[in-house]
Amino acid sequence: MAFEIDVLITYSNEDNQSDTDRGWVQEFKHFLELMLVQVLGSKPNIMLKSEHDSITGGNLKKVAILVPVLSPSFVASGESLDTVESFYGTIKQSDTTRVFKILKRPVSIEEQPAKLKELIGYDLYDFDEDTGDIEDYKDFFSPEAERSFWMKMVDLAYDIHESLISLNELEKKGEVKHIYERRCIYLAETGHDLSIQRNIIKRELQRHGYKVLPDKTLPQDVDSLKKEIDKELEECSLSIHLIGSSYGDIPEGSDKSVVDLQNQIAAQRSASLKDKTKFSRLIWISNQLNQASEKQVAFIENIKRDLASSEGTEILQTALEDFKNIIREELIEVGIDKKLGKAGAIADNGKASIYLLHDKVDAKEVLPFKKHIEKAGYKVLLPAFEGDLLELRQQHINNLRAFDAAIIFQGNVNNQWVRMKLLDLLKAPGFGRRKPITGKAIISNREDKLDISAYKNYNVTVIDGDNKEALESLKGFLEEIKE
């Protein structure tokens, strides 16, 4: 049957009391209506139902979306809880996408109605992290409201929009058929300092057709939490982790935060897979860590230390806006299906390719080696140095996908630069590389010899000495990888 009411907002009377013309719930309805008009392209039929307004089960069948306004007074109202129960009685047991809970005031998971506990809530109250004070927004257009209230309202509007579109398709065709199976991305929970930024990234991914997990409230005890994280990661081909100054909430029975546990379990999943193209990790670490606790600093150091053995993982420590641009470039504009499906192309005319990594300061010194490699019958892939950050990085990623063998050239750069480039080669499967690396080498013409023992675990050939000696050794390396 056709829905007569697009959205029914149910609330307790206490939450709508106000000294002004419109109470809080009425303001909320007004704002939601304005936002839904923009995303739907037409005005939705939104109705309010206070705890004392009567509505029968038959009438609830005509409601597409239910939005309960949770607060301590709502939970204490038997009539409000009855409305939630009655609505669930009119829909399928698993059809929770027709219920969107908002929190006008904090209500613990234990206190919430059983059927609403697993739903992710939209917190619409003003929380002062410094003092711990919780208040209603009195000025909906203050800087604080713009950072929090309106971001959550955008989330809510788009989620309701998606649900209404699905319900309309269901009405017309009897079933919803997706044109393609949506790729799942695990966007890990963050500390409080990055929750808004996480929501922005989540919303952009969802708007471009990706299913983002977790999509419900995570369990509070550590054993159930680990099982849920592990289960959801199995559905995903990529996990994204945002690491800031806050260590995050610690679940019952654990000394590690949810943020820490999600990263740990994602690392275990990555390590357990033989085919590294099936799952990769993208980790962003804030470069503003002045307020980080000792525990958070230790957590970040562990992530960096483990990178050497974490194939299929990329860590970036840059401005958050750059990171969001990188996500947009790799996952949205290019498309994750293309990203994970691009096998490196064989070089021109069937030639094998060698990625000759070098810094801009060594452009002249590397030329004899480039000519020698080309003379041996290989196509040489080179890093780009002209263009903006994303263009340079995209060229680097394309080369990491495509090369057959790789050579890192060290002229005027330090050993740390060499190690970072070597780690890039190890992370190549995380960018969608599907073929094995036939060989890796480091060429150094510095006077101070490279410490070969530092690279013995990387299966890499170290070539040093003057140009004549290095070119002779390079000849042997090229013959070896050809075999």
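Up top you'll find the structure we're talking about.
Presented here is a report on the structure given in the accompanying data block. (Residues numbered from 1 in each chain as written. Predicted model: local features only at pLDDT ≥ 70, side-chain atom pairs only at ≥ 80, totals over all residues. Heavy atoms only, no water.)

## Side note on the pattern of salt bridges
Turning to step 1, where the next piece is worked out: According to the stated counting rule, one finds 13 salt bridges in the structure shown.
Turning to step 2, where the next piece is worked out: Between Lys216 and Glu118 there is a salt bridge; the shortest N-O distance is 4.0 Å. With a gap of 98 residues between them, Lys216 in the loop between strand E9 (211-213) and helix H8 (222-233) and Glu118 in the loop between strand E4 (102-103) and strand E5 (122-123) connect regions that are remote in the sequence.
Turning to step 3, where the next piece is worked out: Residue Lys216 is classed as partly exposed on the basis of its relative accessible area, which comes to 24%.
Turning to step 4, where the next piece is worked out: Here Lys216 and Glu228 are joined by a salt bridge, their closest N and O atoms 3.7 Å apart. (Salt bridge = Lys/Arg side-chain N within 4 Å of Asp/Glu carboxyl O. Helix = DSSP H or I, 4+ residues; strand = E, 2+ residues; numbered from the N terminus. Buried < 20%, exposed > 50% of the residue type's maximum accessible area, 1.4 Å probe, protein only.)

## Looking at the packing of aromatic side chains
Turning to step 1, where the next piece is worked out: Enumeration according to the criterion identifies eight aromatic pairs in this entry.
Turning to step 2, where the next piece is worked out: Between Tyr247 and Phe299 the ring centres are 5.9 Å apart and the planes differ by 85°, which places this aromatic pair in the edge-to-face class. On the criterion of sequence distance, the pair formed by Tyr247 in the loop between strand E10 (238-243) and helix H9 (258-272) and Phe299 in helix H10 (residues 294-306) is long-range, its members being 52 residues apart.
Turning to step 3, where the next piece is worked out: Given a relative accessible area of 9%, Tyr247 falls into the buried group.
Turning to step 4, where the next piece is worked out: You can call Phe299 buried: its relative accessible area is 4%.
Turning to step 5, where the next piece is worked out: An aromatic cluster of at least three residues, connected via ring pairs, comprises Phe31, Phe149 and Trp150.
Turning to step 6, where the next piece is worked out: Sitting above the plane of the Phe279 ring, Arg269 keeps its charged end 4.9 Å from the centroid. (Phe/Tyr/Trp six-rings, centres within 6.5 Å; stacked < 30°, edge-to-face > 60°. Lys NZ or Arg CZ within 6 Å of the ring centre and 35° of its normal.)

## Describing the sheet that holds strand E1 (residues 5-11)
Turning to step 1, where the next piece is worked out: Pairing is parallel in the open sheet, where five strands are placed in the order E2-E1-E3-E4-E5. Where the open sheet ends on each side, the last strands, each with one partner, are strand E2 (46-50) and E5.
Turning to step 2, where the next piece is worked out: Bridging between E4 and E5 involves two bridges; their strand directions are parallel. Bridged to Ile102 within E5 is Tyr122.
Turning to step 3, where the next piece is worked out: Relative to the sheet, helix H4 (residues 78-90) contacts E1, E2 and strand E3 (63-70), its axis offset from that of E3 by approximately 150°. (Pairing = 2+ DSSP bridges. Contact = heavy atoms within 4.5 Å. Axes fitted to C-alpha atoms, helices over the stretch in contact; angles between N-to-C directions.)

## As for the packing of H8 against H9
Turning to step 1, where the next piece is worked out: Axis separation between H8 and H9 bottoms out at 10 Å; the angle between their running directions is 45°. Considered as vectors, H8 and H9 are oriented oblique to each other. Here H8 runs over H9; the crossing is right-handed. Across the interface between the two elements, Val222, Leu225, Lys226, Ile229, Asp230 and Leu233 from H8 touch Val258, Leu261, Gln262, Ile265, Ala266 and Arg269 from H9.
Turning to step 2, where the next piece is worked out: In terms of residue class, the contact of H8 with H9 is made up of eight nonpolar, one polar and three charged. (Parallel < 35°, antiparallel > 145°, perpendicular 65-115°, else oblique. Left-handed = near helix turned anticlockwise from the far one by under 90°. Nonpolar A, V, L, I, M, F, W, Y, C, P; charged D, E, K, R; others polar.)

## A closer look at helix H16 (residues 467-482)
Turning to step 1, where the next piece is worked out: With 16 residues, H16 extends 22 Å between its outermost C-alpha atoms, agreeing within 8% with the 22 Å of an ideal straight helix rising 1.5 Å per residue.
Turning to step 2, where the next piece is worked out: The complete set of buried residues in H16 reads Ala470, Leu474, Phe477, Leu478 and Ile481. Down the axis of H16, the buried side of the element spans an arc of 100°, and every buried residue falls inside it. Opposite the buried face of H16, by more than 90 degrees, sit the exposed residues Lys468, Glu472 and Glu480.
Turning to step 3, where the next piece is worked out: Of the surrounding elements, those touching the buried residues of H16 are strand E13 (353-357), helix H13 (367-375), strand E15 (405-410), strand E16 (439-444) and strand E17 (461-464).
Turning to step 4, where the next piece is worked out: In this structure Asp466 caps H16, since a side-chain oxygen of it lies 3.2 Å from the backbone nitrogen of Lys468. (Expected span 1.5 Å × (residues − 1). Arc of directions from axis to C-beta. Polar contact = N/O pair within 3.5 Å; in protein donor to acceptor, adjacent residues only side chain to side chain.)

## A look at the pairing of E13
Turning to step 1, where the next piece is worked out: Summarising burial for E13: five of the five residues are buried, a large majority.
Turning to step 2, where the next piece is worked out: Of the two faces of E13, the one carrying Ser353, Tyr355 and Leu357 and the one carrying Ile354 and Leu356 are both buried.
Turning to step 3, where the next piece is worked out: Bridge analysis of E13 against strand E14 (residues 379-381) gives three bridges, and the strand direction is parallel. Within the sheet, the bridge partner assigned to Ser353 lies in E14 and is Lys379.
Turning to step 4, where the next piece is worked out: Taken together, E13, H13 and E14 form a β-α-β motif whose crossover is right-handed.
Turning to step 5, where the next piece is worked out: Across four bridges, the pairing between E13 and E15 is parallel. Pairing of Leu357 across the sheet is with Ile408, part of E15. (Right-handed = clockwise from strand over helix to strand, strands pointing away.)

Just distances and angles here, no functional claims.
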